[in-house]
Amino acid sequence: MTIAEWYVKFAERETRGVSPTYERLSLAVARDDEVLALLGTLPPAKRQPNLLFGVVRLLGGPVDSPAAFHEFVVGDWPAIAAHMRIRATQTNEAGRCALLLPVFAALPQPLALLEVGTSAGLCLYPDRYAYRYDDVMVGSGAPVLECTATGMVPPTGRPDVVWRAGLDLNPLDVTDPADVAWLDALIWPEHTHRRARLRAAAAIAAADPPLLVRGDLVDDLPALAAQAPSGATLVVFHTSVLYQVPQPRRTAFTELVRGLPGHWIAVEAPDVLAHDALPEPPDDALHNVLSLDGTPLAWTRGHGQAIAWFAGHPGGHGVAVSR
């Protein structure tokens, strides 16, 4: 896929109907030979739209005007490129807990959660958030994570979490204003509800910080998993992380995580973590697959806004746990 095709795909499958600003900007970049040439000087993994747009926003650049965006990128390219080379898209969307909750709640309690690619660890608090699946509320308090649910029975309660830890090449600190500024820059322009959610989730994490470890998802996972308390169900999970991992390391990770005690939950794109015989997705938008121990359960949207359970897997308290 060329860089231009990448930006067109991002516009059509990820931002359409979700972020008009980024849809317009992505299509403009796809036609902008000068900006495409600059992106071509970066390593392939560093050319992605979310990273470029997030860095421009972090540096105070405009994203609501393609012409102004072009001038800013061309004029400030050395600073933009420097940030893109050292940063990664560490979108820490607490809303994704709404996708994970049906599986978390169905596992033997209590849970020891270990998130791979944890960013600042905001998805390690599924027991502290409230949820609304259409007209069904689960829990109370703030933030309330809204999720449109199809073909599933929402869980009746939140999980019992007794240990939470995260592994990341560059863990972020919600008490560091610079790290929070980067998390904010990664939120799409129109999504004021996600900014409010970030602030509420960050306050929860800051009040009771998780164990965050700097390390590699293959080399350092076993040692961290071994720290989970006995008597708790270990759950290793990740959401929209493996696309940033080279294929050989993805394979090594999946082989490793299948051999750990406990359970493995993944929310990844089907072209990143393959599954056999998936049903057709609900529409043409980009959908990820929620899976438990390698068994696919549902289609999900990227920020946790929707989940569509597969036929034969009732969801919620009906999740089948096989190991």
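Quick summary incoming for the structure in this document. Everything quoted here is computed from the prediction, not taken from an experiment.

### A few points about the overall build of the protein chain
Part 1 of the argument: The helix and strand inventory of the protein chain stands at eleven helices and eleven strands.
Part 2 of the argument: For 323 residues, the compact-globule estimate of 2.2 N^0.38 gives 20 Å, and the C-alpha radius of gyration of the protein chain, at 19 Å, lies within 12% of that figure.
Part 3 of the argument: Along the longest, intermediate and shortest principal axes, the C-alpha atoms of the protein chain span 55 × 40 × 40 Å.
Part 4 of the argument: When the 323 residues of the protein chain are sorted by exposure, 54% land in the buried category.
Part 5 of the argument: Here the contacts in the protein chain between residues at least 6 apart in sequence split such that 71% fall between residues at least 24 apart.
Part 6 of the argument: Carbon and sulfur atoms make up 54% of the accessible area of the protein chain, which totals about 13,300 Å².

### Overview of unusual backbone geometry
Part 1 of the argument: Here the residue pair Gln-109 and Pro-110 is connected by a cis peptide bond, since its omega of -5 degrees sits within 30 degrees of zero.
Part 2 of the argument: Looking at where Pro-110 falls in the secondary structure, it is placed in the loop between helix 7 (97–106) and strand 1 (111–116).
Part 3 of the argument: Following Ala-142, the chain continues to Pro-143 via a peptide bond in cis, the omega torsion being 0 degrees.
Part 4 of the argument: The topology assignment puts Pro-143 in the loop between strand 3 (136–138) and strand 4 (144–150).
Part 5 of the argument: A positive phi angle, near 60 degrees, is found at Ser-119, a position not held by glycine.
Part 6 of the argument: Position of Ser-119 relative to the elements: it lies in the loop between strand 1 and strand 2 (130–133).

### What to know about the pattern of salt bridges
Part 1 of the argument: For the coordinates displayed, the defined rule picks out ten salt bridges.
Part 2 of the argument: A salt bridge links Arg-249 to Asp-219; the shortest N-O distance between them is 3.3 Å. Residue Arg-249 is located in helix 11 (residues 247–258), and its partner Asp-219 is located in the loop between strand 6 (211–214) and helix 10 (221–225); the two are separated by 30 residues in the primary sequence.
Part 3 of the argument: Assessed through its relative accessible area of 28%, Arg-249 is described here as partly exposed.
Part 4 of the argument: Shared partners join several salt bridges into a network, and the residues in it are Asp-127, Arg-128, Arg-164 and Asp-208.

### Details of the sheet that holds strand 4
Part 1 of the argument: With respect to topology, eleven strands assemble into an open sheet ordered 3-2-4-11-10-9-8-7-1-5-6, the strand pairing being mixed. At either margin of the open sheet sits one strand with a lone partner, and together these are strand 3 and strand 6. Put simply, the sheet's adjacent strands are angled 25 degrees from each other on average, direction ignored.
Part 2 of the argument: Judged from the three bridges that link them, strand 10 (residues 295–300) and strand 11 (residues 306–309) form a sheet pairing that is antiparallel. Across the sheet, the residue bridging to Ala-298 is Trp-309, located in strand 11.
Part 3 of the argument: Against the sheet, helix 11 contacts strand 1, strand 7 (233–239) and strand 8 (263–268), and its axis sits at roughly 150 degrees relative to strand 8.

### Points about the pairing of strand 4
Strand residues, when the strand is regular, have side chains that alternate between the two faces of the sheet.
Part 1 of the argument: Burial along strand 4 is one-sided: Leu-145, Cys-147 and Ala-149 are buried, while Val-144, Glu-146, Thr-148 and Thr-150, pointing the other way, are not.
Part 2 of the argument: Taken together, the four bridges between strand 2 and strand 4 define a ladder with parallel strand orientation. Of the residues in strand 4, the one forming a bridge with Ala-130 is Val-144.
Part 3 of the argument: Strand direction decides the pairing type here: strand 4 and strand 11, joined by three bridges, are parallel. Looking at the pairing, Thr-150 lines up with Ala-308 of strand 11.

### Points about the environment of Ser-140
Part 1 of the argument: Along the polypeptide, Ser-140 turns up in the loop between strand 3 and strand 4.
Part 2 of the argument: Classification of Ser-140 as exposed rests on a relative accessible area of 53%.
Part 3 of the argument: C-alpha separation for the pair Ser-140 and Ala-130, spaced ten residues apart in sequence, amounts to 4.9 Å.
Part 4 of the argument: Setting aside its immediate chain neighbours within four residues, Ser-140 contacts Ala-130 and Arg-158.

Rules behind the numbers
- Residues numbered from 1 in each chain as written.
- Predicted model: local features only at pLDDT ≥ 70, side-chain atom pairs only at ≥ 80, totals over all residues.
- Heavy atoms only, no water.
- Helix = DSSP H or I, 4+ residues; strand = E, 2+ residues; numbered from the N terminus.
- Rg over C-alpha atoms; globule rule 2.2 N^0.38 Å.
- Buried < 20%, exposed > 50% of the residue type's maximum accessible area, 1.4 Å probe, protein only.
- Contact = heavy atoms within 4.5 Å.
- Areas by Shrake-Rupley, 256 points an atom, 1.4 Å probe, with all protein chains shown as cover.
- Salt bridge = Lys/Arg side-chain N within 4 Å of Asp/Glu carboxyl O.
- Pairing = 2+ DSSP bridges.
- Axes fitted to C-alpha atoms, helices over the stretch in contact; angles between N-to-C directions.

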